[in-house]
Amino acid sequence: MYRIRFHGRGGQGMKTASRILGNAFFLGGYEVQDAPRYGAERRGAPIFAYVRADKKPINERGIINRPDLVIVADDSLVAIPAASVLQGIGSQTVLLINSHEQPETWEHRLNIPGQVIILPVTGDVEDRAELPYLGTTCAGAAARLVGVIPLTHLIEAIEEELAHLGKEVVEKNIHQATVAYELAAEFGGTVVEGSEIRATDYTKPDWVNLPFEAASISTPTIHAGLTSELAATGAWRTMRPVINYELCNKCWWVCSEFCPDGAIKVDNQGYPQIDLDHCKGCLVCVAQCPPHAIEAISESIAESKAEAQAENEQIKTSEASS
Amino acid sequence: MTRRLLTGNGAAAWGARLAMVDYVPAFPITPQTEIIETLSEWFDNGDITGRLTTMESEHSMVTAAGAAASTGVRVFTATSSQGLLYAMEMLYTVAGWRVPLVMINVSRGLSAPITLEPDHNDIVAARDSGFLQIHCATCQEVLDSTLIAYRLSEHAKVRLPVIVNLDGFYLSFTREPVEIPDAEAAARFVGEFDPENTQLRASMPTSQAVAVLGGTPYSYFRYEMHLAAQEALGVYDEVTAEFKNQFGRDYSSLETYRNDDAEFSFVMMGCFATKAKEAVDRLRDAGWRIGLVRPRLLRPLPEQALQNALGDKKAVAIIDQNISMGKGGVLHTEVASALYNLSEKPLLISFMGGLGGRDINQEELFEIAQQLRQASKKGTPPPPRLLYTADELREMRKLQSIAKVERQELTSNQNSNSDKSHD
């Protein structure tokens, strides 16, 4: 059985990559299991996805403890314990990592017994974490590494999995995956199917008896208040509420009262101010404002406007000082 | 008939589609939401006809489901975890109305502390509600069980609502190859819903068991529900025999795997049972005589089948993915009560594991087998055990020490603040 794990951040396309690879195996007559794994879904959070493929029905389930191939789309995840990138890596495991470093650096840094391969890409890439079509690139390289997936099945899998995104997107992804598939040619067939754990020589689980502990210890209370102030939850926002102060009738409380995150404060003049570091963009305020003085604009547009404004101001200051 | 990769949620939606459901009251909750999203897309595109209504809560959702079913239409709904608990009052109520409907529950652990990951405490909480329960282990089984559930629920002898249960993440978000039956073949199998006298109409007001009753009529109606649930066992056998005939897949009320000649057995519910199949294969490779027993029905409980499958074993491990606080694993209690009056019976060992998505790995299943052998040699079972390792406890201690430091900092801050206020 092939046991393959993809690690990346929410938004990098790891779930899609696992589905493309799973589907490509399936088209080749393999029994397949593919699944993503994440907590509360949000962009940038560590996620992983896995694929099992075998010629016979698969009874194993859930997290892959002994992977044959681990793909890391974002090398900053390796240092995050919660991402569990290195879990169960053994001498038979191939690590395919998207990184500016050399394979030797990772072999040395991690002291792992298996082979490390840097995700091959064309040309100079300034920031590998921002590579376009990263998911399909990883899927394409992985398909070549296992050595049993013909390019035609990889392409057919991309057509099926991305059909809902339209022809143009599908074609671009097929192109990228094909490039990755060709670039990985020298590593074709590096990944081999792992064996099953035998019931004769397994590592005994180190079970313990959980001791009874008093409620003062065993109650799940979070004692540290205000930790949420340190988390810039505003980064989750895709839409931004913008107040038109000409329409605002200074009712003093409606928007700030309804804000579920307490991210709207009313200043001394009676005008509401939005704390953009913590506004998640739920737009409840837009719906509640009696004189309709709050509108929602796309976050990316808001950001580019803010950048342009900052540039203008910089020019003005430099002109004024010169 | 097509074979394609589907998640457990996708398979559930396909089940509803092939059962030609008329009405879907819906409320989202992780990890179930994909089911109603898929159905709403199909309703929007005109792939299926009928109506999906988003409700303001699961309590209203189950009320709407029961009310719609009592007008004689085919109803489907889905929930999970806290949603199932929020609907609990209405589960008991609509079951008492004796209206047929099918609800999917995607199992997820219960709060507090909160988790998104699976265990069975949500579904076992609905054990006594009057809803029958079918527990699935694969995505294929989710689709097929949804079709079977309509036949069971709408059967004239039964007419009780049915829950089809699948594990969150491990099935709900996991794609596996699923054979989707042809629409005509599925329609032939599920058939038309004959609501008999369940035909509530605006012009013909009837009242669904709302009268305040004394013990005599109350006992009659409640015990009739119990008898109907027991009757459902035979109906289930008939329906699944017909299903096997038509589609070739076998879904007995109690799945047994390499169990006939076994000395020892694992007993598990839900999709982690396929992990135990793998362990059985490896243990058989190593010369063990061991098998797996998986109740597909929890209500009605296939007691006779459990006695037949387990009565002659030396020792049996029951691995529960739930805890009844102050007692332990619920399935353990169920199996124990089914076997108690047999003159020859196995030792039962209770394990609890897989809580809140915690994995149960192959090595643990091998070790459970070792404990079965040791117990049968000694003639006494070890005490119930939570599957929990020294590494996990160390991890927990780390978290607790952080909490302790935070608590101390908070207390010292408060003290210094109160000092200031004295100044």
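Definitions and limits used
Residues numbered from 1 in each chain as written. Chains lettered and ligands numbered in written order. Predicted model: local features only at pLDDT ≥ 70, side-chain atom pairs only at ≥ 80, totals over all residues. Heavy atoms only, no water. 1 Å grid on protein atoms, 1.4 Å probe; cavity = no way out; pocket = protein on both sides within 12 Å on 5 of 7 lines; lining within 4 Å. Points joined across faces, edges and corners; volume = space filled by probe spheres on them. Helix = DSSP H or I, 4+ residues; strand = E, 2+ residues; numbered from the N terminus. Nonpolar A, V, L, I, M, F, W, Y, C, P; charged D, E, K, R; others polar. Pairing = 2+ DSSP bridges. Axes fitted to C-alpha atoms, helices over the stretch in contact; angles between N-to-C directions. Patch = residues over 30% accessible without salt bridge, like charges linked within 9 Å, V, L, I, M, F, W, Y side chains within 5 Å. Areas by Shrake-Rupley, 256 points an atom, 1.4 Å probe, with all protein chains shown as cover. Salt bridge = Lys/Arg side-chain N within 4 Å of Asp/Glu carboxyl O. pLDDT = per-residue confidence, 0-100. Buried < 20%, exposed > 50% of the residue type's maximum accessible area, 1.4 Å probe, protein only. Right-handed = clockwise from strand over helix to strand, strands pointing away. Contact = heavy atoms within 4.5 Å. Buried area = accessible area lost by both parts, 1.4 Å probe. Polar contact = N/O pair within 3.5 Å; in protein donor to acceptor, adjacent residues only side chain to side chain.

Caption draft 1: The arrangement of empty space enclosed by the protein in detail. Here the structure, examined in full by the defined rule, presents 3 cavities of 30 Å³ or more. Lining of the largest cavity is provided by 19 residues; of these, A:R52, A:E60, A:N65, A:I197 and B:Q362 occupy positions nearest its centre. Of all the elements in the fold, those that place two or more residues in the lining of the largest cavity are α10 (273-285) and α13 (362-378) of chain B. With 3 residues, α10(B) is the single largest residue contributor to the lining of the largest cavity. There is about 110 Å³ of room inside the second largest cavity. Together, 16 residues line the second largest cavity, and A:C248, A:C251, A:C255, A:P272 and A:C289 are the ones closest to its centre. Residues belonging to the lining of the second largest cavity are distributed by class as follows: 14 nonpolar, 2 polar and no charged.

Caption draft 2: View of the sheet that holds strand β6 (residues 132-135) of chain B. Residues and elements named next belong to chain B. Taken together, 5 strands build an open sheet; the order of strands is β4-β5-β7-β6-β12 and the sheet is mixed. Sheet topology places β4 (76-79) and β12 (297-299) at the edges, where each strand pairs with a single neighbour. For this sheet the average axis-to-axis angle between neighbouring strands, irrespective of direction, equals 25°. Relative to strand β5 (residues 102-107), β4 is paired through 4 bridges, and the arrangement is parallel. Bridging from a neighbouring strand, T79 pairs with N105 of β5.

Caption draft 3: Quick look at a nonpolar patch on the surface. Taken together, the side chains of B:L213, B:Y218, B:Y220 and B:F221 present a nonpolar region at the surface, about 450 Å² in accessible area. By the secondary structure assignment, B:Y220 is in helix α9 (residues 215-247).

Caption draft 4: Structural view of the confidence of the model for chain B. Taken residue by residue, chain B gives an average pLDDT of 95. The fraction at 70 or more is 98%. Confidence estimates for the predicted assembly give a pTM of 0.90 and an ipTM of 0.93.

Caption draft 5: The arrangement of the pairing of strand β14 (residues 347-352) of chain B in detail. Residues and elements named next belong to chain B. Summarising burial for β14: 6 of the 6 residues are buried, a large majority. As paired strands, strand β13 (residues 315-320) and β14 are joined by 6 bridges and run parallel to one another. When the bridges of β14 are listed, A315 appears paired with L347. Read as a crossover between parallel neighbours, the route from β13 over helix α12 (residues 330-339) to β14 is right-handed. The pairing of β14 with strand β15 (residues 385-386) spans 2 bridges and is classified as parallel. Within β15, the residue paired with F351 across the bridge is R385.

Caption draft 6: Examining the interface of chain B and chain A more closely. At the junction of the two partners, chain B supplies 51 residues and chain A supplies 43 residues. Buried area between chain B and chain A, summed over both chains or domains, comes out near 4,100 Å², and the portion from carbon and sulfur atoms is 55%. For chain B, the biggest contributors to the area lost against chain A are B:R175, B:E363 and B:E367; these three give 16% of the whole. Linking chain B with chain A are 8 salt bridges. Among the ionic pairs, B:R3 bridges to A:E31, the shortest N-O distance being 2.9 Å. Where chain B meets chain A, there are 22 residue pairs in polar contact (both at pLDDT 80 or more). When contributions to the side of chain B that touches chain A are tallied by element, the ones reaching two or more residues are β1 (2-7), β8 (175-180), α10, α13, β15 and α14 (390-422) of chain B.

Caption draft 7: Layout of the layout of surface pockets. Looking at the second largest pocket, its volume works out to about 1,700 Å³. Around the second largest pocket, the lining comprises 50 residues; the ones closest to its centre are A:K15, A:R19, A:E161, A:H164 and B:E34. Taken together, the elements giving at least two residues each to the lining of the second largest pocket come down to α1 (14-27), α3 (134-146), α4 (151-162) and α5 (167-183) of chain A together with β1, α1 (8-18) and α2 (33-45) of chain B. When residues in the lining of the second largest pocket are grouped by element, the largest group, 7 residues, is from α1(A). Along the lines of polarity and charge, the residues of the lining of the second largest pocket split into 20 nonpolar, 17 polar and 13 charged.

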